[in-house]
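Geometric and topological summary
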Amino acid sequence: MPSPFPGMDPYLEDPAIWSGFHHAFLSALQERLGPAVRPKYFVRVDERVYVAHKEDPAYRFIVPDVRVIEAARKRPPATSGGAAGGLVIAPPLPVVEMIDPEIHEHRLEILDRVDRSVVTVIEMRSPTNKMPRSVGRDSFLQKRNEVYGTDAHWMEIDLLRDGARTANVAASGEAEYQIYLSRAGKPRRGFVWPVPVRERLPVIGVPLRNGDADVPLDLQAAFDQVYDVGGYDLDLDYRRAPSCPLNPLQAEWAQTILGDRSQP
């Protein structure tokens, strides 16, 4: 069953669901781009890795709020003969090591078949890199700056209403979502596809190089595939409000199109 929403489904913005959707959506885009850019280019999934810590503002998106830690068991009795000279080794208590998680955020890269140089980078925004002053955001911006120093194109797919955009494009107006393109060149040129929540996701043009035409990429078709294959109609609870609330007008519109799905 398809999503009841015409474009992006706001219920998929839940951080508890987003990671799986993020991965599946990039895979669906790769399926479409791969055949379209052959034989001069190919598409790979790459990743950016960073370590988050408890003080990170985005930490709540990375680890559960509640951790179950095994209660300390009764201290085992001391044993003799554990060391030379008859000294008794005091038995230590086992503890759970609180290691900061290593985060892997994936993206797509279109590469030139001849020299394997990166032609276009396609990033999909996550709750962790839309949080101001977070490690994930710093890592995201560092990667973008690295790409800006090359002749590769840069694209950001932002399907999250919550958080702070890094491409604050006035042309997006009040559109809830946006796709941003920084086209390589001297100087670089910026473009944006504003995406209101009430409209279908657009067909965007993915740039290549050497005068090759932009490749059309149907984001809505990719979304519909992911929603259907992932069985999100069975998983999402449309009887409650989405994790990132809609404004009153949007909420009224959502209730209208949800129909029976919003009933207990």
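As a reminder, the structure under discussion sits directly above these lines.
Because the structure is predicted, anything quoted here is derived from the model rather than measured.

Following the criterion strictly, the structure yields 14 salt bridges and no others. Linking Arg107 and Glu123 is a salt bridge whose minimum nitrogen-to-oxygen distance equals 3.8 Å. Residue Arg107 is found in strand 2 (residues 102-112), and its partner Glu123 is found in strand 3 (residues 118-124); the two are separated by 16 residues along the sequence. Residue Arg144 is joined to Glu156 by a salt bridge in which the shortest nitrogen-to-oxygen separation is 3.0 Å. Within this pair, whereas Arg144 is found in helix 2 (residues 135-148), its partner Glu156 is found in strand 4 (residues 153-158), the two being separated by 12 residues in sequence. Grouping residues by exposure puts Arg144 and Glu156 together as buried. Several salt bridges share partner residues, and in doing so they unite Asp46, Arg107, Glu109 and Glu123 into one network.

Taken as a whole and assessed by the stated rule, the structure comprises 11 aromatic pairs. Ring centres of Phe5 and Tyr11 lie 6.2 Å apart, and the angle between their planes is 40°; on these two criteria the pair is classed as tilted. With a relative accessible area of 3%, Phe5 lands in the buried category. The buried category is assigned to Tyr11, whose relative accessible area is 3%.

Let us now look at the environment of Gly190. Its location among the elements puts Gly190 in strand 6 (residues 189-195). Sequence-distant contacts of Gly190, defined by excluding residues within four places in its chain, comprise Tyr180 and Leu181.

Right, let's get into helix 5 (residues 248-258). All buried positions along helix 5 are accounted for by Gln250, Trp253, Ala254 and Leu258. For helix 5, the buried positions fall inside an angular range of 130° around the axis, keeping them on one side. What points out from helix 5, more than 90 degrees from its buried face, is the exposed set Pro248, Leu249, Glu252 and Thr256. Capping of helix 5 at its N-terminal end is provided by Asn247; its side-chain oxygen lies 3.1 Å from the backbone amide nitrogen of Leu249.

Between helix 1 (residues 15-37) and helix 3 (residues 219-229), the least distance of the axes is 9 Å, while the angle of their chain directions is 125°. When the axis of helix 1 is compared with that of helix 3, the two are oblique. Crossing of helix 1 against helix 3: the hand is right-handed. Judged by residue contacts, Phe21, Ala24, Phe25, Ala28, Leu29, Glu31 and Arg32 of helix 1 engage Leu219, Ala221, Ala222, Phe223, Gln225 and Val226 from helix 3. For the contact of helix 1 with helix 3, a count of residues per class yields 10 nonpolar, one polar and two charged.

Rules behind the numbers
Each chain has its residues counted from 1, running along the sequence as written. Restriction of local features to residues with pLDDT of at least 70 applies here, the model being predicted, together with a cutoff of 80 or more for giving and counting side-chain atom pairs; totals for whole chains, interfaces and linings are based on all residues. Hydrogens and waters are ignored; side-chain quantities use all the structure's heavy atoms. Definition used for salt bridges: Asp or Glu carboxyl oxygen within 4 Å of a side-chain nitrogen of Lys or Arg. Helix and strand definitions here come from DSSP, where helices need a minimum of 4 consecutive H or I residues and strands a minimum of 2 consecutive E residues; each element is numbered from the N-terminal end. Note on classification: 1.4 Å probe, protein chains only; a residue is buried when its accessible area is under 20% of the maximum for its type, exposed when over 50%, partly exposed between these limits. Side-chain rings of Phe, Tyr and Trp (the six-membered ring for Trp) are treated as a pair once their centres are within 6.5 Å; stacked means planes under 30 degrees apart, edge-to-face means over 60, and tilted covers the remaining angles. We call two residues in contact whenever any of their non-hydrogen atoms come within 4.5 Å of each other. Directions from the helix axis toward the C-beta atoms define the arc. Each polar contact in these results corresponds to two N or O atoms within 3.5 Å; when the atoms are within protein, one needs to be able to donate a hydrogen and the other to accept it, and residues that are neighboring in sequence are counted only if both atoms are side-chain atoms. Between N-to-C directions, angles cover 0 to 180 degrees, with each direction set by a line fitted to C-alpha atoms, over the stretch in contact for helices. Oblique is the label for every angle not falling under 35 degrees (roughly parallel), over 145 degrees (roughly antiparallel), or within 65 to 115 degrees (roughly perpendicular). The crossing is said to be left-handed when, going from far helix to near helix, the turn is anticlockwise and less than a right angle, and right-handed when the turn is clockwise. Each residue receives one of three labels: charged for Asp, Glu, Lys and Arg, nonpolar for Ala, Val, Leu, Ile, Met, Phe, Trp, Tyr, Cys and Pro, and polar for the others, Gly being one of them.

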